[in-house]
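# Structural overview
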Amino acid sequence: MDAKDRKMLDDILSSHRDTRDPAMLILQKVQTSFGYTGQDHLTYISEKSCIPLSKLYGIVTFYPSFRLSPPGKSIIRICEGTSCHVRGGARIVKELERQLGIGPGQTTKDRKFSLESVRCLGCCGISPVVMMDDKTYGRVKATKLAEILATHGGE
Amino acid sequence: MKPRVAIFDFASCEGCELQIANLEEQVADLVQAVDIVSFREVMKEHSGACDIAFIEGSIQRPMDEERIKKIRANAKVLVALGDCACTGCVNKMRNELPVDDALRAVYGNADVRGNELFDLSQSRAIDEVVNVDFYIRGCPVRKEQVLYYVQRFFGMPPQKNLDLRFGINARGMDDDRRSIVNFDPNKCIMCRRCEVVCNEALDVHAIAVANKGFASIMTTPFDIGMDNNKCISCGQCLVNCPVGAYSEVSEVDKTLKLLEDRSNYVVFVIDPIALTSCMDSLPTDETNFGIVVRKLISALKAMKAKEVVDFTQFTYLSIAAQGEYIQNHRDAAFTSWCPSASTYLEKFYPQYAKFMHKESSPENIMLKVLRKRHEVENLKIVFVTPCIVHKSNGAFDAVLTSRELPRLLATKEMRLDFHPHLGVTFDCDLGMIQKFVSGGVSDYTYSLMILKAAYLSKFKNLDAALTIGSREDFIHELTFDSELGVFNALVIEDMSKLRKYLGEDIAKYNVIEFYPCFRGCLTGGGQCLTTSEDEVNRRRARLKSYKGEMESPYEFVSQLISVYDKVKGGI
């Protein structure tokens, strides 16, 4: 963390100086400002605000809206809802995990892709569905995945 | 013939049975090892006799009672499955209500009187009606856990669940701070008792609960490990874990190796408090605490220990050393004997760490005295203590807790009954142990402070007045008025209030003491389970039966001073 990051965290902390139970609000602001809530951030907040690190860690691992590491360049959302599951969604997840070498909730080493599993993307008619950033792919087949990844900067 | 297993349910949500049904693929492995003769949730056929009966749910009606008694009579082993069966859990909350109110709340005005299906009495756990052999707790039980215990039971190699991320990583920071705590997530039932003790009762916040639902796990923030975190090694997570998921890193093997090497001069230092809890597990039928201690001394000698030394005398010498220190330094001094307390100061209040006088701690005095007495190269010191925190002290060659001592004796199949006790005493008698063996912090801590104050007054032959006040529950304030000036002492027995008092001006106190364990070393982090109030009282009574009442602390202090002077002069 550099001085700029520390300044940002200090600002967030001072804006909640008089809030009762500010942990959740502080963490949400950190998530929006930095895109993730990392170990450095939480340790710094804990030291400055006297909120125990174990409590902050419990919160960020409980709620799905927090990330523990910076997100990749592209975010892959894969549906694990009923309809997609019935039409082979699980196979797509496995194939993506194999090609990228990461599981849901993780980011590739080169920071190109983050894999996230979601419950429903609202287009069950074209299941199984994969969403790359804001582009939706329907009736995805495991054999087509490499092609889709390539259009978004994958090898 | 394969063992016959039956699964029965009483008043419950059937969630625990569902967990077994959910084992799916692994059930196939189990079925090869056992015959499931009754399992209502997945099969129709039932038969009576079985070797092992798993019981889910609690007992509500006379007909349930009849049924469970029949099952008990037919089963060789009975296992209570889940919290309803183990404790009564949610079902038992109904006992607060009159039966009629409970029936009306659920069935409205329907007339259910005289129907035996609705004949409710008090809700009871299984062991309130029949004998239970084993308990598997949890609401619901975790399927991995059921599998783990069942595999252990049938002698199959237990299969570690790889989906469970390894929880608490307890590696130490360097060689000096050896890792001391193990955590097995396969045993953890997520009762969160360790978290509550660590975070609320002790205000230490070393343990976190990560994730949610079935993926939740006890861990340290970012998996950084206990020592790198705020852990003070007090061991309260160990003595409060109901299923033994936490355990100390055992040093039994290490001790055996020390004893095997004949060139070693092995000295056992025993804190008698450690023996009060493990007396029930020691291999003897003797019930007199004093005789057990003496028989243990003989047994350890038979295991080739060269000397067995009592730890108490060093705690008394520490009082003398601290008394001297307090007179020369009028700043606030932290005089807790507990190493966890000094770790707490280092981690939470580094600015106060300089007020901790480690030189005067009983362990340091003990090491100095023993090294001086035995100027041999191969002096090996094994410390038997009620607390795991000493394991992080590299100065000892091995540290055994109350739980490990019986294991050490078991490895050599020692029976204490065959060893003599008449005329057996501790070695290295400095001239005061025969009267007052008591160990570390055995009772309410402020009784210790009285002794310390008595020491202060006697040291200079002063007339002094001691007043004992109480600021609130478990916070004691002692004032000691003498020609030397006024000494103020603060004793904190409740760690959750510590921050409040350390935050204010501590300069007005000369002495501050605090201990993480609620009844001092009687509930220390290395004691045997459990640490209920009754059990603690029993331990206290044992100690008392051995040491007897101290008639006059002042008389004792004059004896102590002469010994202390001798020790300082070099023994």
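Anything mentioned here points back to the structure above.
These remarks concern the structure in this document. (Residues numbered from 1 in each chain as written. Chains lettered and ligands numbered in written order. Predicted model: local features only at pLDDT ≥ 70, side-chain atom pairs only at ≥ 80, totals over all residues. Heavy atoms only, no water.)

### Structural notes on the environment of B:V209
Tracing the backbone shows B:V209 in strand β7 (residues 208-210). On the basis of relative accessible area, B:V209 is assigned to the buried category, the value being 10%. Residue contacts for B:V209: discarding those within four places in its chain leaves A:G58, A:T61, B:M190, B:R192, B:E195, B:S216, B:I217 and B:M218. (Helix = DSSP H or I, 4+ residues; strand = E, 2+ residues; numbered from the N terminus. Buried < 20%, exposed > 50% of the residue type's maximum accessible area, 1.4 Å probe, protein only. Contact = heavy atoms within 4.5 Å.)

### As for the interface of chain B and chain A
Across the boundary between the two partners, chain B contributes 14 residues, which contact twelve residues of chain A. Across the interface of chain B and chain A, roughly 1,100 Å² is buried in total on both sides, 67% from carbon and sulfur atoms. Broken down residue by residue, the surface that chain B buries against chain A is led by B:H205, B:K212 and B:F222, which jointly contribute 52%. At the surface where chain B touches chain A, the tally comes to zero salt bridges. Between chain B and chain A we count two residue pairs in polar contact (both at pLDDT 80 or more) in total. It is β7(B) that provides the largest number of residues to the side of chain B that touches chain A, a total of three residues. For the side of chain B that touches chain A, a count of residues per class yields seven nonpolar, five polar and two charged. (Buried area = accessible area lost by both parts, 1.4 Å probe. Salt bridge = Lys/Arg side-chain N within 4 Å of Asp/Glu carboxyl O. Polar contact = N/O pair within 3.5 Å; in protein donor to acceptor, adjacent residues only side chain to side chain. Nonpolar A, V, L, I, M, F, W, Y, C, P; charged D, E, K, R; others polar.)

### Remarks on the packing of aromatic side chains
On inspection of all chains with the given rule, the structure shows 13 aromatic pairs over all chains. Here the aromatic rings of A:F62 and A:Y63 are separated by 4.9 Å at their centres, their planes lie at 75 degrees, and the arrangement is edge-to-face. You can call A:Y63 partly exposed: its relative accessible area is 36%. Aromatic pair B:F383 and B:F396: ring centres 5.0 Å apart, planes at 35 degrees, arrangement tilted. Separated by 13 residues along the polypeptide, B:F383 in strand β13 (residues 379-385) and B:F396 in the loop between β13 and β14 (398-401) bring together distant segments of the chain. The two residues B:F383 and B:F396 agree in class, both being buried. Ring-pair connections join several aromatic residues into one group, and the members of that group are B:F334, B:Y344, B:F348, B:Y349, B:Y352, B:F355 and B:F514. We note B:R67 situated over the ring of B:F10; from NZ or CZ to the ring centre the distance is 4.5 Å. (Phe/Tyr/Trp six-rings, centres within 6.5 Å; stacked < 30°, edge-to-face > 60°. Lys NZ or Arg CZ within 6 Å of the ring centre and 35° of its normal.)

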